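Below, each chain spelled out in residue letters.
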Amino acid sequence: MVLDPSDYEISELGPALADVEDVEALEEMLEAERDGANRDPVITLIESRIENLQAEDEEIDADEIDPGDLTLAELGNALRNVDDVAVLEGIREAEQTGQDRKGAHDLIDNRIDALTQDEEREVIEQIPPEEKHPHLDHPTEDKQYVTSLTGGVYRDMWVYCETQQGELLDVSKEMLGKARELMDGYNAEYDAEETVVAVLIGDDIAELAEEAIAYGADRVLVYEDERVARFRHKPYTEIFADMALAEEDWKDYDEPRYVLFPATHNGRDLSALVQAALDSGLASDCSDLFIEDVMISNPAKTGAPGEQIEFDRILHMKRPDFSGFEYSTILCIDNPNREFHPQGASVIPGSFPIPDADPQREGEIVDYDLDLDDDWLSVDIEEFDVLDEGVDITGHEVIVCLGRGIGDDPTRGIELGLELVDAFDDAALGLTRGVVTASYQVDGHVEQYLTEERQIGETGVVVEPAVYIAAGVSGAVQHKVGMDESETIVTINTDTDARIRDFSDYFIEGDLFEVLPALTDAVQRGELTPDAIPAGDDD
């Protein structure tokens, strides 16, 4: 298999090379890279792969190993074929009387340890945090819902379905659809019969249970009480955690295997509080999820150095990392004497498609009963005003997104963005996080548009329009998460090296204050339409 290295980013090439076993193919790739982009890191990766394969092919007689004739890399490869501790000790003596390199001693000693660890395995002592650090406070001791299970029984994927004004939020429907997809695959892979459980908490919400079933739930837990009509941290946490640990006819396991929450304002709060109450982990603001087995060698997870254990049924929770360059996949894996369940994630709204509702689906509805403690309701909401109905920028054919490039004149920049939005039949204005958090001084008539509801990205919303027009947007990966599934991406930027150019279909080098009016004129004259843009039609 000969790969074209020019088709790969450096971060993608390493895993791809692991599947190449042919030295000649690797040498062809090396020559192609040198004749092309000639990237030093890529050349190093390919050369390293060639050296590893060649080392595997070389059969070295253990009795013939002279460490003085080998580099440290060559010595390390040679030692992998030595399984006799006495021979290794002889090689160590030869090294001591020769170059006496510390690195060589470490390689030899590590090989000896690897061969002897089955007989004298070093087991990491597991000390409870209360004993290990007695001078610190340990709030886990006082947690009502901590069970510290080992050998516990875990089943099902739970989905917290957030509601607003008597309706399921779109993100709740998205999560139900994704949970249905995941658990269908899970049941086929593991020959299981685990289910999707929806959780509804509020007042006058029972009628939404059938809707949750239509979107993928097998069972819906409903808790209704007028005192929790609005989201309240303490009672919502207590209700959810009590459900998770309940001993009921419908629940024949200790805790849920997986839980999903929406990465909304309320969902982020609740996800952290519930997972803390259950003493498990949380991956926040995820944009993708999948379930796979995984091999782990971390001693903190395996219990002994050098040991590798396969953990099964692990929820892989994918999110952009803080460097802005890569995605991280978060895993919640047990320790040898401590199990961590549920495996939990909060999901960025818009990350998954809303499934088609199936009103014929059947499921179980459970009216959950729990007495609310007065201490959970110590704060009363006497009255409140609804300032507006909110803004939903998802579902439009065109999105015009403004970035920090409007900074020279933010009022005018927003005006130009709105003019382009108005020129299209179905468009909305979006903003990057940098604009929302920049505290720009703008005139009153555009101030209303500087809201978090229009923020696109990891901590905002995800949009998938037919045409995405980004003006003055740099393209950080946190923003990319929110718009990467757009059918056609058009960017306007004075910086030809802006990261967003790498994932744009069309890049216009220019000042947004000049380009946006030109685009608006073209749309108004009928010379530029959403259908024409993807085809690159000049008409």
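In this text, all values refer to a predicted model and were calculated from it rather than measured experimentally.

> Would you mind going over the overall build of the protein chain with me for this structure?
Looking only at helices and strands, the protein chain has 18 helices and 17 strands in total. Scored against the burial criterion, the 539 residues of the protein chain give a buried share of 46%. Put simply, 66% of the contacts in the protein chain that link residues at least 6 apart link residues at least 24 apart. Roughly 28100 Å² of accessible area belongs to the protein chain as shown, and the carbon and sulfur atoms make up 41% of that amount.

> How should I be thinking about the sheet that holds strand 6 (residues 255–262) in this particular structure?
Two modes of strand pairing occur in sheets, parallel and antiparallel, and in both the strands are linked by backbone hydrogen bonds. What the 7 strands build is an open sheet, ordered 7-11-6-1-4-5-12; its pairing is parallel. The open sheet has two edge strands, strand 7 (282–286) and strand 12 (364–367), and neither has a second partner. Adjacent strand axes in the sheet meet at a mean angle of 20°, parallel and antiparallel pairs treated alike. Two elements, strand 5 (residues 219–224) and strand 12, share 4 bridges in a ladder whose sense is parallel. Counted as the bridge partner of V222 is D367 from strand 12. Its contacts with the sheet put helix 10 (residues 233–245) on strand 1 (154–160), strand 4 (196–202), strand 5 and strand 6, and the angle it makes with strand 4 is roughly 150°.

> Just checking my understanding: could you explain helix 11 (residues 265–277) for this structure?
Counting along an α-helix, one turn takes 3.6 residues, and residues three or four places apart therefore face a common direction. Counted at 1.5 Å a residue, the expected span for helix 11 with its 13 residues is 18 Å, and the 19 Å between its end C-alpha atoms agrees. Among the residues of helix 11, G267, L270, S271, V274, Q275 and A277 are the ones counted as buried. For helix 11, the angular spread of the buried residues around the axis is 150°, confining them to a single face. Residues of helix 11 that are buried in the fold lie against strand 1, helix 10, strand 6, strand 7 and strand 11 (343–347). Taken from the residues just after helix 11, D279 is the one with a positive phi, measuring 60°.

> Would you mind showing me how to read the packing of aromatic side chains here?
Any aromatic ring pair is given by two values, namely how distant the centres are and how the planes are angled relative to each other. Following the criterion strictly, the structure yields 6 aromatic pairs and no others. Taking the centre distance of 6.2 Å and the plane angle of 85° together, the rings of Y186 and Y258 count as edge-to-face. Of this pair, Y186 sits in helix 8 (residues 170–190) while Y258 sits in strand 6, and the two are 72 residues apart along the sequence. As far as the burial class goes, Y186 and Y258 line up, both buried. By the ring-pair criterion, three or more aromatic residues cluster together here, those being W158, Y160, F240 and F261.

> Whenever I open this one, the pairing of strand 6 confuses me. Can you help?
Regular strands have side chains that alternate between both faces of the sheet. Most of strand 6 sits out of view: 8 of its 8 residues are buried. Looking at chain direction, strand 1 and strand 6 are connected through 5 bridges and run parallel. The residue bridging R155 from the neighbouring strand is P256, located in strand 6. Where strand 6 and strand 11 come together, 5 bridges link them in parallel fashion. Bridging from a neighbouring strand, F261 pairs with S346 of strand 11.

> When you look at the pattern of salt bridges in this model, what are you seeing that I'm missing?
Pairs may arise between side chains of opposite charge once their charged atoms sit close together. The tally for this structure, following the rule as stated, stands at 21 salt bridges. The residue R180 makes a salt bridge to D218 at a minimum N-O spacing of 2.8 Å. Taken together, the residues span a long stretch of sequence, with R180 in helix 8 and D218 in the loop between helix 9 (208–214) and strand 5 at a distance of 38 residues. In this structure, the salt-bridge partner of E419 is R412, at a minimum N-O distance of 3.6 Å. When its relative accessible area of 34% is taken as the criterion, R412 is described as partly exposed. Within the structure, one salt-bridge network assembled from shared partners comprises R180, D184, D218 and R361.

> Quick question: what am I supposed to make of the packing of helix 13 (residues 410–423) against helix 17 (residues 512–524) here?
Geometrically, a packed helix pair is captured by the angle between its two axes and the distance between the axes. Where helix 13 contacts helix 17, the axes come no closer than 9 Å and their chain directions differ by 20°. Taken together, the axis directions place helix 13 and helix 17 in an arrangement best described as roughly parallel. The two elements helix 13 and helix 17 meet at a crossing, and its hand is left-handed. Taking contact as the criterion, the partners of R412, G413, L416, G417, E419, L420 and A423 in helix 13 are, on helix 17, L512, F513, L516, P517, L519, T520, V523 and Q524.

> I'm lost on the sheet that holds strand 16 (residues 488–493) in this one. Help?
An order of 14-13-15-16-17 is seen for the 5 strands of this open sheet, with the pairing classed as parallel. Looking at the sheet topology across the chains shown, the edges are occupied by strand 14 (427–431) and strand 17 (506–509). Taking each pair of neighbouring strands and ignoring which way they run, the sheet shows an average axis angle of 15°. The sheet contact formed by strand 13 (residues 398–402) and strand 14 spans 5 bridges and is parallel. Bridging across to strand 14, C401 finds its partner in G430.

> Just to check I follow, could you spell out helix 17 for this structure?
Between its first and last C-alpha atoms helix 17 spans 18 Å; for 13 residues at 1.5 Å apiece the expected length is 18 Å, and the two agree. Of the positions making up helix 17, those classed as buried are L512, V515, L516, L519, T520, A522 and V523. Summarising the axial view, the buried residues of helix 17 lie within an arc of 160°, below the 170-degree limit, and thus occupy one face. Of the exposed residues in helix 17, the ones pointing more than 90 degrees away from its buried face are E514 and Q524. Taken together, the buried residues of helix 17 touch strand 13, helix 13, strand 15 (467–471), strand 16 and strand 17. The N-capping residue of helix 17, defined by a side-chain oxygen 2.9 Å from the backbone nitrogen of F513, is D511.

> Got a minute to help me understand the nonpolar core in this structure?
Looking at soluble globular proteins, one finds that nonpolar side chains tend to be buried together. Among the nonpolar cores identified, the biggest contains 38 residues, and M157, L176, L200, V220 and L289 are the most heavily contacted of them. The biggest single contributor to this core is helix 8, with 8 residues.

How each quantity is defined
- All residue numbers refer to position in the chain's written sequence, counted from 1.
- In keeping with the model being predicted, local features are shown solely for residues with a pLDDT of at least 70 and side-chain atom pairs are shown and tallied solely at 80 or more, while totals for entire chains, interfaces and linings include all residues.
- Side-chain calculation: all heavy atoms of the structure are included, whereas hydrogens and water are not.
- By the criteria applied, helices consist of DSSP H or I runs no shorter than four residues and strands consist of E runs no shorter than two, each listed in order from the N terminus.
- Per-residue accessibility, obtained with a 1.4 Å probe over protein chains only, is compared with the maximum for each type, and a residue is labelled buried under 20%, exposed over 50%, and partly exposed between these values.
- Residue contacts are counted whenever heavy atoms from the two residues lie within 4.5 Å of one another.
- To measure how exposed things are, a 1.4 Å probe is used in the Shrake-Rupley method; for residues, cover is taken only from the protein chains shown.
- Strand pairing is assigned whenever DSSP identifies at least 2 bridges connecting the two strands.
- Orientation is described by lines fitted to C-alpha atoms, with helices fitted over the stretch in contact, and by angles between N-to-C directions that extend from 0 to 180 degrees.
- Here, expected helix span is obtained from the residue count minus one, scaled by 1.5 Å.
- Read the arc as the range of directions from the helix axis to the C-beta atoms.
- Stacked, tilted and edge-to-face pairs are distinguished by plane angle, under 30 degrees for stacked and over 60 for edge-to-face with tilted covering the rest, among Phe, Tyr and Trp rings (Trp via its six-membered ring) whose centres lie within 6.5 Å.
- Salt bridges are counted wherever a side-chain nitrogen of Lys or Arg sits within 4 Å of a carboxyl oxygen of Asp or Glu.
- Should an angle fall under 35 degrees it is taken as roughly parallel, and over 145 as roughly antiparallel, whereas 65 to 115 is taken as roughly perpendicular and any remaining angle as oblique.
- Crossing handedness: left-handed means the near helix sits turned counterclockwise from the far one by under a right angle, and right-handed means the same turn made clockwise.
- Nitrogen and oxygen atoms within 3.5 Å of one another constitute a polar contact, given that in protein one can donate a hydrogen and the other can accept it, and given that sequence-neighbouring residues count only through two side-chain atoms.
- The nonpolar core is taken to be a set of buried Ala, Val, Leu, Ile, Met, Phe, Trp, Tyr and Cys residues, with the residues joined through side-chain atoms within 4.5 Å.

Interpretation in functional terms is not warranted from these geometric data alone.
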